[in-house]
Amino acid sequence: MCEPEALPDQNALQFVVADDLAGLRLDQALAKLLPEYSRSRLQEWIAQQQVKVDGAYATTKQKVWGGEKLEVLPQVHPAEQPYLAEDIALDIVYEDDALLVINKPVGLVVHPGSGNWEGTLLNALLHHAPQLEGVPRAGIVHRLDKDTSGLLVVAKTLTAQTALVRQLQARSVQREYLALVWGELTRASKVDALIGRHPAQRVKMAVVDSGKPAVTHFQIEEKFPSCTLLRCRLETGRTHQIRVHMAHIGHPLVGDRVYLKGPQKCILQLRELLNGFPRQALHATRLALEHPVSGEVMEWQAPLPQDMQQLLQRIRTAISLLKQTGAEP
């Protein structure tokens, strides 16, 4: 096995396949030659035509037999690069030297990650307040899912971030959400159930015995046939908490394609409306906390976004028409 030789003109690495690698798939041989990179990363480079065998672009399942000349152009993974500032419009509800409160729109990812390395709230924050480059995670202390809208607080200094994290840990930050769920609930209640990673589907969360404590309080805001608008208050802040808890008690969120299992009971006049809503009907509507510098208790509210307002109005209109025709829902 030979040592890689850098090609300065194109930053590539050059190898000659040793005889002891004969018969291996190309990605397996590269894993031997470049053990500092994962097999999946090497396979990505092959698929992206960053690897040549004897001057020709390679394929993932290609085998080597010894003596071939390999050229590999390593690609830096987005996770290893500094986050870039991007000029993305922000709906700023409040700002001072210590805090930013954002009304996050639907579709905006909060933090860069797999499949979303650019165009996130973090990238927008770095453009809006460049000093956030010196604060871990650009001051983000809690998150909202991509398709959840509403209020989110950001710390502009390390001192403020530390104070806010402590408040979150002490459960003194008040966070309320409006959620439209399937089914008809009749009274306020709470869900107290441990939440952890789903044992089989790792991209999902679930109520599991090995999970962490999670408590969601809810009360009725408006009742409809087949669905209910709830005001949910988080006592804890687990990933997907409201979505998981409401699905657990048999009332998944309208539009939630991840935690909705099978068709829900619904009157005919609302079925198309509810089934057609394109995202989980969840909005962070109220946020209250103690200012990390002044100690003042501050509160912000954000009205429902247009898509949820329109959905509720269409539901009300449909129910009203039913009543007018004498066909009680």
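Before any of the text, the structure's been laid out above.
Anyway, here's the lowdown on the structure attached to this text. Note that this is a predicted model, so its numbers are computed, not measured.

Rules and cut-offs
Residues numbered from 1 in each chain as written. Predicted model: local features only at pLDDT ≥ 70, side-chain atom pairs only at ≥ 80, totals over all residues. Heavy atoms only, no water. Phe/Tyr/Trp six-rings, centres within 6.5 Å; stacked < 30°, edge-to-face > 60°. Helix = DSSP H or I, 4+ residues; strand = E, 2+ residues; numbered from the N terminus. Buried < 20%, exposed > 50% of the residue type's maximum accessible area, 1.4 Å probe, protein only. Lys NZ or Arg CZ within 6 Å of the ring centre and 35° of its normal. Arc of directions from axis to C-beta. Contact = heavy atoms within 4.5 Å. Pairing = 2+ DSSP bridges. Salt bridge = Lys/Arg side-chain N within 4 Å of Asp/Glu carboxyl O.

This part takes up the packing of aromatic side chains. Within the structure shown, the criterion is met by 2 aromatic pairs. Residues Tyr 94 and Trp 300 carry aromatic rings whose centres are separated by 5.5 Å and whose planes lie at 45° to one another, so their mutual orientation is tilted. In this pair, Tyr 94 is assigned in strand E6 (residues 92-95) and Trp 300 in strand E16 (residues 297-301), connecting sequence segments 206 residues apart. Judged by relative accessible area, Tyr 94 falls into the partly exposed class, the value being 23%. We classify Trp 300 as buried; its relative accessible area is 7%. The residue whose ring lies beneath Lys 52 is Tyr 57, and the NZ or CZ to ring-centre distance is 5.1 Å.

On to helix H6 (residues 268-275). Among the residues of H6, those classed as buried are Leu 270, Leu 273 and Leu 274. Seen along its axis, H6 keeps its buried residues to an arc of 90°; they face one direction. Seen from the buried face of H6, the exposed residues on the opposite side, beyond 90 degrees, are Leu 268 and Glu 272. Of the surrounding secondary structure, the elements contacted by the buried residues of H6 are strand E9 (174-182), strand E14 (227-234) and helix H7 (306-324).

We now examine the pairing of strand E7 (residues 99-104). Each regular strand displays side chains that alternate between the two surfaces of the sheet. Of all the 6 residues making up E7, 6 are buried; the element is thus mostly covered by neighbouring parts of the structure. The alternating pattern of E7 places Leu 99, Val 101 and Asn 103 on one face and Leu 100, Ile 102 and Lys 104 on the opposite face, and all of these are buried. As paired elements, E6 and E7 share 3 bridges and run antiparallel to each other. Each residue of the ladder has a partner; that of Tyr 94, found in E7, is Val 101. Between E6 and E7, which pair antiparallel in sequence order, lie 3 residues. Both E7 and strand E8 (residues 149-155) contribute to a ladder of 6 bridges, which runs antiparallel. Of the residues in E8, the one forming a bridge with Ile 102 is Leu 152.

Turning to the pattern of salt bridges, a few remarks are in order. Counting across every chain of the model gives 12 salt bridges. Between Arg 39 and Asp 27 there is a salt bridge, with its nearest N and O atoms 3.9 Å apart. Of this pair, Arg 39 sits in helix H2 (residues 39-47) while Asp 27 sits in helix H1 (residues 26-33); the two residues are 12 residues apart in sequence, bridging distant segments of the chain. With a closest N to O distance of 2.8 Å, Asp 145 and Arg 243 form a salt bridge.

In this model, Ala 138 sits at a positive phi of 55°, which is unusual for a non-glycine residue. Mapped onto the elements of the fold, Ala 138 is located in the loop between helix H3 (121-128) and E8. The exposure class of Ala 138 is buried, given its relative accessible area of 4%. Non-glycine residue His 240 carries a positive phi angle of around 60°. Along the chain, His 240 falls in the loop between E14 and helix H5 (241-248).

Note that all results are geometric; they support no functional claim without further evidence.
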